[in-house]
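Here are the chains, one letter per residue:
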Amino acid sequence: MDPRINGFDYQRVTVADGVTLNAAVGGSGPPVVLLHGFPQTHLIWRHVAADLAADHTVVCPDLRGYGDSDKPVDSDGTAYAKRTMAADIVALAGALGHERFALAGHDRGALVAFRAGLDHPAAISQLALLDVLPTLAMWDVLHGASAAVAFHLYLMAQPPGLPEEMIGANPDAFFGHFLDVWTRDPQALPAEVRASYLRASRNAVTSIVADYRASAGVDVAHDAADRSAGRQLSMPVTVLQQDWGAALGYDAAGLWRAWAPDLAHQTVTCGHFMAEEAPAEVVGALRALLARPTHNPR
């Protein structure tokens, strides 16, 4: 049996036609929803969620296409659009009785959270985004030999067929590579948790690729339309990032401020999986965000 977040109840919640999400729910108080990234599941939040649950209702779902959540076939290129996945999260929170909630996302989950903030500002009180760039900025800053660090983005952007076949030939090697090279403290991912991530990912190759493929297609179109329209995140936003800007030559805070006028930007020294490597730092940042005054939703 896969590890679980201690003290949390597990529910399956229908969020769209034929799509249910697996969600761990614990604590009581103002609601906070926490979204995981690649190649992981809701378990990344096990330390942070336990702390926040002392005075918040904490909801940790597996995103559609990941973990124990449903993995619909992407028949038209929109099943894993961040707009679709963000609507899942708003529907999940609503089904649990939370029409307005704080939202934090890591990696792929941060892209879903970003889209939720743009599409559903009345539902999101505060927003935290961990170790990611806006999709348009991500593609813009990758160039030359330095782009090799993000080879998986280009692989999974290819048309259906080849990426799934290549990754499916040895999924543990592919997904395990990222769990290893993106972690500065290997002890932060115990063997049973790492094994759980690998099991979940090897059973979701097609949907994970579809999620990434969307970020080279429909997500770009959605973000470009919003940028042209001048849309921004209207709620308080906190961004925690590794110092990739120094490595790749861009101003991370500046890229985020174009989307988030009310921004607190913080550079961390841990690895990518910061909720597991530096949970106290993440909790501190989230609690500071939750204490910031919210704005009138638009």
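The shown structure was predicted, so the numbers you read here are calculated from the model rather than taken from an experiment.

Before going further, it helps to spend a moment on the pairing of strand β1 (residues 9–16). The side chains of a regular strand alternate between the sheet's two faces. Across seven bridges, the pairing between β1 and strand β2 (residues 19–26) is antiparallel. Within β2, the position partnered with D9 by the bridge is V25.

With that settled, the discussion passes to the pattern of salt bridges. Under the counting rule described, the total for this entry stands at 19 salt bridges. Of the charged contacts, one joins D219 and K82 as a salt bridge, the two residues approaching to 2.8 Å between their closest N and O atoms. Separated by 137 residues along the polypeptide, D219 in helix α10 (residues 218–229) and K82 in helix α2 (residues 82–95) bring together distant segments of the chain. Connected through shared salt-bridge partners, R83, R115, D119, D223, D226 and R231 make up one network.

Among the secondary structure elements, A188 is positioned in the loop between α7 (171–181) and α8 (191–202). Judged by its relative accessible area of 7%, A188 is buried. Note: C-alpha distance between A188 and Y154 (34 residues apart in sequence) is 28 Å. Apart from residues no more than four positions distant in its own chain, A188 is found in contact with R46, E276 and E277.

A few words now on the nonpolar core. Of all hydrophobic cores here, the largest spans 105 residues; its most connected members are L34, F38, W45 and L103. Looking at this core element by element, the count peaks at seven residues for helix α3 (residues 108–119). Excluding residues that lie within four positions of it along the chain, L34 makes contacts with W45, V48, A49, L52, V58, V59, C60, P61, A104 and L286.

A separate point is the packing of α2 against α3. At a minimum axis separation of 8 Å, α2 and α3 run at an interaxial angle of 80°. Comparing the axis directions of α2 and α3 gives the class roughly perpendicular. Listed contacts from α3 to K82, R83, M85, A86 and I89 of α2 are R108, L111, V112, R115, A116 and D119. Considering only residue class, the contact of α2 with α3 consists of six nonpolar, no polar and five charged.

What follows deals with the packing of aromatic side chains. For any pair of aromatic rings, geometry is given as the distance between the ring centres together with the angle between the planes. Inspection of every chain in the model, using the stated rule, returns twelve aromatic pairs. Seen in terms of ring centroids, F178 and W182 are 4.8 Å apart; in terms of plane orientation they differ by 50°. Their pairing is tilted. Residues F178 and W182 agree in their burial class; the two are buried. Members of the aromatic cluster, joined through ring pairs, are F38, F151, F174, F175, F178, W182, Y212 and F273. For the cation-ring pair, R4 lies above Y10, with the distance from its terminal atom to the ring centre recorded as 4.2 Å. Lying across the ring of Y212, R108 places its NZ or CZ 3.8 Å from the centre.

Low-pLDDT stretches of the model should not have their predicted coordinates read in fine detail. Averaged over all residues, the pLDDT of the protein chain is 96; the fraction at 70 or higher stands at 99%. The lowest-confidence element of the protein chain is helix α11 (residues 244–248), averaging 74 in pLDDT; the highest-confidence one is strand β3 (residues 31–35), averaging 99.

The next point concerns the side chain of S201. Along the chain, S201 turns up in helix α8. Those residues in contact with S201 that sit more than four places away from it in its chain are P39, F175 and I208.

Relative to the assigned elements, P171 resides in helix α7. For P171, a relative accessible area of 14% corresponds to the buried category. Distance in space between the C-alpha atoms of P171 and S201 is 7.5 Å, their sequence separation being 30 residues. Each residue touching P171, except ones within four places of it in the same chain, is listed here: G176, R202 and V205.

All right, on to the side chain of H42 then. Locating H42 in the fold gives a position in the loop between β3 and α1 (46–52). When its relative accessible area of 5% is taken as the criterion, H42 is described as buried. Side chain to side chain, H42 and Y10 meet in a polar contact 2.7 Å long. Not counting the four nearest positions on each side in its chain, H42 is found in contact with I5, Y10, N22, A24, H36, C60, P61 and D62.

A word on the pairing of strand β6 (residues 124–130). Across the seven residues of β6, seven count as buried, placing the element largely inside the fold. Pairing of strand β5 (residues 101–106) with β6, which is carried by five bridges, proceeds in the parallel orientation. Its bridge partner lying in β6, G105 is registered against L129. Read as a crossover between parallel neighbours, the route from β5 over α3 to β6 is right-handed. Here four bridges tie β6 to strand β7 (residues 237–241), and the two strands are oriented parallel to one another. Note on β7: the bridge partner recorded for L129 is V239.

Cut-offs applied
Residues numbered from 1 in each chain as written. Predicted model: local features only at pLDDT ≥ 70, side-chain atom pairs only at ≥ 80, totals over all residues. Heavy atoms only, no water. Pairing = 2+ DSSP bridges. Helix = DSSP H or I, 4+ residues; strand = E, 2+ residues; numbered from the N terminus. Salt bridge = Lys/Arg side-chain N within 4 Å of Asp/Glu carboxyl O. Buried < 20%, exposed > 50% of the residue type's maximum accessible area, 1.4 Å probe, protein only. Contact = heavy atoms within 4.5 Å. Core = buried A, V, L, I, M, F, W, Y, C linked by side-chain atoms within 4.5 Å. Axes fitted to C-alpha atoms, helices over the stretch in contact; angles between N-to-C directions. Parallel < 35°, antiparallel > 145°, perpendicular 65-115°, else oblique. Nonpolar A, V, L, I, M, F, W, Y, C, P; charged D, E, K, R; others polar. Phe/Tyr/Trp six-rings, centres within 6.5 Å; stacked < 30°, edge-to-face > 60°. Lys NZ or Arg CZ within 6 Å of the ring centre and 35° of its normal. pLDDT = per-residue confidence, 0-100. Polar contact = N/O pair within 3.5 Å; in protein donor to acceptor, adjacent residues only side chain to side chain. Right-handed = clockwise from strand over helix to strand, strands pointing away.

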